[in-house]
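Below are the chains, spelled out letter by letter.
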Amino acid sequence: MRVLFGSFPAITVLGGGVETQVRALQRELKSTGCVVELFDPWRRYEFAQYDLFHLFGADIGTYHLGRAVCALGARIAVSPEFYSRHRPWRLRAVLKLGMSLRRRGGFWTEHVICRELCEMAEMLLPNTRAEAALVEHGLGVRGKVVAVLPNGVEERFADATPDEFASKYGSDFILYVGHIGWARKNLLALLRVVERMQYPTVLIGHVIDNAYTRKCMEIIRRSRNITLIPALEHSSGLLASAYAACSVLVLPSQYETPGLAALEAGLAGARVCITRHGGTTEYFGEYAQYLEPRSLSSISAAIKRALAQPKDGRLREHIAANYLWRHSALRAQAAYERLIREGEAWRSSFT
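Residues numbered from 1 in each chain as written. Predicted model: local features only at pLDDT ≥ 70, side-chain atom pairs only at ≥ 80, totals over all residues. Heavy atoms only, no water.

The protein goes by Glycosyltransferase in an unreviewed UniProt entry, where it is assigned to candidate division WOR-3 bacterium.

S.K.: Give me the lowdown on helix 10 (residues 237-245), citing residues and values where you can.
M.R.: Across the 9 residues that make up helix 10, a large majority, 8, are buried. Among the residues of helix 10, those classed as buried are Leu238, Leu239, Ala240, Ser241, Ala242, Tyr243, Ala244 and Ala245. Those residues of helix 10 hidden inside the fold are in contact with helix 7 (163-169), strand 7 (174-177), strand 8 (201-205), strand 10 (248-251) and helix 11 (260-267). Where helix 10 begins, the side chain of Ser236 points an oxygen toward the backbone nitrogen of Leu238, at a separation of 3.0 Å. (Buried < 20%, exposed > 50% of the residue type's maximum accessible area, 1.4 Å probe, protein only. Helix = DSSP H or I, 4+ residues; strand = E, 2+ residues; numbered from the N terminus. Contact = heavy atoms within 4.5 Å. Polar contact = N/O pair within 3.5 Å; in protein donor to acceptor, adjacent residues only side chain to side chain.)

S.K.: Break down the pattern of salt bridges for me, with residues and values.
M.R.: Tallied over the entire structure, the rule returns 16 salt bridges. Here Arg2 ties to Glu37 by a salt bridge, and the two come within 2.7 Å at their closest N and O atoms. Of this pair, Arg2 sits in strand 1 (residues 2-6) while Glu37 sits in strand 2 (residues 35-38), and the two are 35 residues apart along the sequence. A relative accessible area of 18% means that Glu37 is categorised as buried. Put simply, Asp312 and Arg314 hold a salt bridge, and the shortest N to O gap is 3.2 Å. Residue Arg314 is classed as partly exposed on the basis of its relative accessible area, which comes to 38%. (Salt bridge = Lys/Arg side-chain N within 4 Å of Asp/Glu carboxyl O.)

S.K.: Just give me the short version of the UniProt feature "domain: Glycosyl transferase family" (unreviewed entry) in the protein, but keep the residues and values in it.
M.R.: Those residues carrying the UniProt feature "domain: Glycosyl transferase family" (unreviewed entry) are residues 166-319 in this numbering. Between the end C-alpha atoms of residues 166-319 the distance is 24 Å, and the span holds 44% helix and 17% strand. (UniProt positions renumbered as here; feature names shortened; annotations may be inferred.)

S.K.: Pulling in residues and values, what's your account of the layout of surface pockets?
M.R.: Its volume calculated, the second largest pocket comes out at about 360 Å³. Lining the second largest pocket are 15 residues, and of these Ser7, Phe8, Ile11, Phe39 and Pro41 lie nearest its centre. Going through the elements one at a time, strand 1, helix 1 (11-14) and helix 2 (17-30) are the ones with two or more residues in the lining of the second largest pocket. Tallied by class, residues from the lining of the second largest pocket come to 10 nonpolar, 3 polar and 2 charged. (1 Å grid on protein atoms, 1.4 Å probe; cavity = no way out; pocket = protein on both sides within 12 Å on 5 of 7 lines; lining within 4 Å. Points joined across faces, edges and corners; volume = space filled by probe spheres on them. Nonpolar A, V, L, I, M, F, W, Y, C, P; charged D, E, K, R; others polar.)

Below you can see the structure in the form of structure tokens.
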């Protein structure tokens, strides 16, 4: 089987979870006999040479690529990477308004774009059951082949030890790993909490130059308990060691799907404290502490509950049994085979 992976143009500029997912699936699918190539915008393609095109993300960044590939007759599978705090009935209302604006004035909304890309696809590969339900009942995308394709984690994190990081920065601290400056990550709320707690805190991530970052940096500069470390390469042994050395990994985001750093930290033996929004409970179940990102008291209470927990290894075992990238690759392979098997029936309904 030959598959082409595509995503938004800035994927290698911004880094983050989608790039990690794409590269990990490409690597692991190789062992299944599936040949995966990464889309190069400067290259001409004969899409008939590929069994399918897998698009990661259904938004403004991927819209023109997905539409062009579909127009050229490629079979498309889409991982929407879609989440909303709105209930399905409200999403339907927002979508209806967006579609009306598009028809009348050429205005485009993210909901309309996501729906159109999902409608173009023959198969949808959401990260969670919750995402699948939102796309179906909120955006009204029905009649597709759907297979949940969870994110995963590299097995190497299970072998992480705290020694390397502890020798440079110490151990037993609150850890945040992610971009510093995107409002969705809700870092400002976390900083306000840990500043009050005066608990040692380490931040690792790319620093974005914007107004939100400047508010974060004010707290970081005045707080002796907060250490900022520039982003580490995902392959860095120091990053893995940080997970093993920390007391708890905290992701206070508005939502996560599910937060790859949390999977990595959990496999390295860390406690995990994470937002309740975005399908996180499907991944972490009873093995994490959940917080409400809009409430500083909820963030604080969840961190304190996590710190009071013993590191008993249950989260590590849960992740190792269910969420390694090789597990995800096997699911992807099965989904692709299902698409090829059932796709002709889907296409025949339009001829």
